Amino acid sequence: MNILVCISKVPDTTTKISFTDNNSKFNEAGVQFILNPYDEWYALVRAVEIRESLGGEVTVLNVGRADNEQIIRKALAIGADKAIRVDADPADAFYVARQIAEQARAGSYEMILLGKETIDYNGSILGGMVAELLDLPYISLASHLDVEGQTATLTRDIEGGKEVLQVTMPFVASAQKGMAEARIPNMRGIMMSKSKPLNVVPPVDIAPPTRIEAYQLPPEKGQVKLIAPDNMEELVRLLHEEAKAI
Amino acid sequence: MLSKNSLPLHPQSTLQAGHKAAKSDLFQGVDYYQIDELLSTEHKLVRDATRDFVKREVSPIIEDYAQRAAFPRQLIKGLGEIGAFGPQIPSEYGGGGLDQIAYGLIMQELERGDSGIRSTASVQGSLVMYPIYAFGSEAQKHRFLPKLATGEWMGCFGLTEPDHGSNPAGMTTHFTDAGDHVLLNGAKMWISNAPFADIAVVWAKNPEGKIQGVIVERGMEGFQTPETHGKWSLRASATGELVFDNVRVPKENILPGVTGLRGPLSCLSSARYGIAWGAIGAAMDCYDTALRYAQERQQFGRPIAGFQLQQKKLAEFVTEITKAQLLAWRLGVLKNEDRATPAQISMAKRNNVDMALHIARESRQILGGMGITGEYPIMRHMMNLESVITYEGTHDIHLLITGMDITGLNAFQ
Ligand SMILES: Cc1cc2nc3c(=O)[nH]c(=O)nc-3n(C[C@H](O)[C@H](O)[C@H](O)COP(=O)(O)OP(=O)(O)OC[C@H]3O[C@@H](n4cnc5c(N)ncnc54)[C@H](O)[C@@H]3O)c2cc1C
């Protein structure tokens, strides 16, 4: 089984968010970056599990600059066999999808997996774009993935229940909670990751179709108002007049 | 769009709940001087993996085990799997083949969880695997090291005796020649891991009166390992005695590569080096806990972190931790180049453990009454560090080592 897993780098969940350049650029100073959890915990680990039971190869793909090698090394330490880094700034989703599609075409992958979203931009858009560019079926938000021969069975969590569906390879799927258990890389894996191939390739030269104008932080949280339990009227008034919730 | 709302800023968010990690362990590393930039990608991966392991496996259970004075044996398998046993031993013998800084960072993160867990790993890697690797025969290395690396076999290190602690040269445990085997007699005390260890690396006097290492295996007749009870420190680590009553040890279990005090002392150099890093972990956990608490706890209408007296403590903690990090890092560089002297290691062990114990005591006060409970890790770290400042050479003995190194005069005798 030849599996491509797309991985991205995101700020650690405890990051204090700020912006520069007139609020048009995320301020990376002092920010700790991690491998996007949905890519790592679910897509990558499931790919490695499938490789462990059926053989084949897991390739991780990242669009980013050289300082992304830490997260790529982590993916290799967890068990990916090799890595490709497209040496470019991941300007926007379409730009990244084009780069991924280009690399996917160059290999012959039976599955292309990625996380359901990145925890920074939460776009949830890449999987669909990649599938479209490659003219492949796309299964989003999969919480379970089993493989038999050239058929995969996936479970999607839908409102109030589950949907189980089958698809013939190749296909693209986005992974979410449930697909696998997070793995902690061990020291041996970390050592071995040093000698696994990491191929740095130039990007396809296209202009990103969108441009970020500005970011905005949500308004500061106001003071909490405490209301005595017996003062129901005041609570109702505040919910109606101030919070406009009722 | 990237916004404060879109990032799960709190570890208890749904995202993290999907991960088995960190229910309430909010720990974040301390890096006031961008010391991370001195570390390689590999170092950071090793550190973060160990931190994840501790958050997932150690933090949720450790307080309970410490309160009950029980060793969490179920952690051994996981410690072996991530590679916490003998990470600095070459991979051909089952070790991790990592450098000294990576080893130090593993000890730091384990001790951030609990000094007892770090002790178990220190003993296994530096005091059991290291002497077999450095002084053992090829057959001994192949027989013991791979199983010790996975944790399938656990080891302990017997140097201290009831009447010989700071002065191990005076030891009375000894063995006599009896043909194809030797007969071992004597007793060791305060031995970490002894109650459950499968093997013991025991330092005893050979028939010529020189100190030599022997590997004693559980089940050998006349060998017992009674547990030491009633400890207020390292409660989640098992400590015991080793009692040898005419134990028949085959000659192939004698470590051929070294005689004299140099043998055990070189093991101690390796373990003490790890403790210099480990203590930083305990200190960081206390600082991290106290800082968080001080920012949240309100008295007199404001967070106690706003009061000068509390700020003095917190500011001094982060200063001392930063100094200790630089000391440990530089020592690691020297150790990687095989240039770290035992006296340099003594300085780092003494300074960093003292620093950690001081921070534990002071940060406990920041938490007021809460500080004495098991709700927070500080009091456990504080009690643990009382052992750490005593074993592997006491605080005083390390000072005398520095004193002797700079004056050339021996103040021990
Ligand atoms: C929890 C725990 C786990 C341990 N694990 C192990 C283990 O796995 N293996 C092992 O071999 N040992 C182990 N030890 C033993 C430890 O290394 C010894 O306790 C330590 O070396 C001190 O020896 P002692 O307790 O006999 O104290 P002593 O040597 O009796 O010292 C008592 C006091 O006298 C001071 N002192 C001694 N000599 C001098 C001097 N010349 N000048 C000035 N002051 C001096 C000391 O600094 C100390 O303050 C462990 C100890 C503990 C508490």
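Predicted, not measured: the structure shown is a model, and the values here were computed from it. (Residues numbered from 1 in each chain as written. Chains lettered and ligands numbered in written order. Predicted model: local features only at pLDDT ≥ 70, side-chain atom pairs only at ≥ 80, totals over all residues.)

Q: Can you help me understand the overall build of chain A in this one?
A: Along chain A, the regular secondary structure elements total six helices and 13 strands. Across its three principal axes, chain A shows a C-alpha extent of roughly 65 × 45 × 40 Å. Within chain A, the fraction of its 246 residues that count as buried is 39%. Put simply, 71% of the contacts in chain A that link residues at least 6 apart link residues at least 24 apart. (Helix = DSSP H or I, 4+ residues; strand = E, 2+ residues; numbered from the N terminus. Buried ≥ 20, exposed ≤ 12 C-beta atoms within 10 Å, placed from the backbone. Contact = placed C-beta atoms within 7 Å.)

Q: Mind showing me how you'd approach the overall build of chain B here?
A: From N to C terminus, chain B includes eleven helices and nine strands. The C-alpha atoms of chain B give 22 Å as radius of gyration, which agrees with the globular expectation for 413 residues (22 Å, within 12%). Each principal axis of the C-alpha atoms in chain B carries an extent, and together these give about 75 × 50 × 40 Å. Residues classed as buried in chain B amount to 52% of the 413 residues present. Considering only contacts within chain B whose residues lie at least 6 apart along the sequence, 75% involve residues at least 24 apart. (Rg over C-alpha atoms; globule rule 2.2 N^0.38 Å.)

Q: I would appreciate a short explanation of the pairing of strand β7 (residues 82–86) of chain A in the present structure.
A: Side chains on a regular strand alternate between the two faces of the sheet. Residues and elements named next belong to chain A. The buried count for β7 comes to four of five residues, which makes it a mostly enclosed element. With five bridges connecting them, strand β6 (residues 57–63) and β7 associate as parallel partners. Following the sheet pairing, V60 is matched in β7 by A83. A crossover connection joins β6 to the parallel β7 through helix α2 (residues 69–78); in handedness this β-α-β unit is right-handed. Across four bridges, the pairing between β7 and strand β13 (residues 198–201) is parallel. Bridged to V86 within β13 is V201. (Pairing = 2+ DSSP bridges. Right-handed = clockwise from strand over helix to strand, strands pointing away.)

Q: How do you make sense of helix α11 (residues 395–407) of chain B when you look at a structure like this?
A: In an α-helix there are 3.6 residues to a turn, and that puts residues three or four apart on one side. Counted at 1.5 Å a residue, the expected span for α11(B) with its 13 residues is 18 Å, and the 18 Å between its end C-alpha atoms agrees. Positive backbone phi, at 80°, marks B:G408, one or two positions downstream of α11(B). (Expected span 1.5 Å × (residues − 1).)

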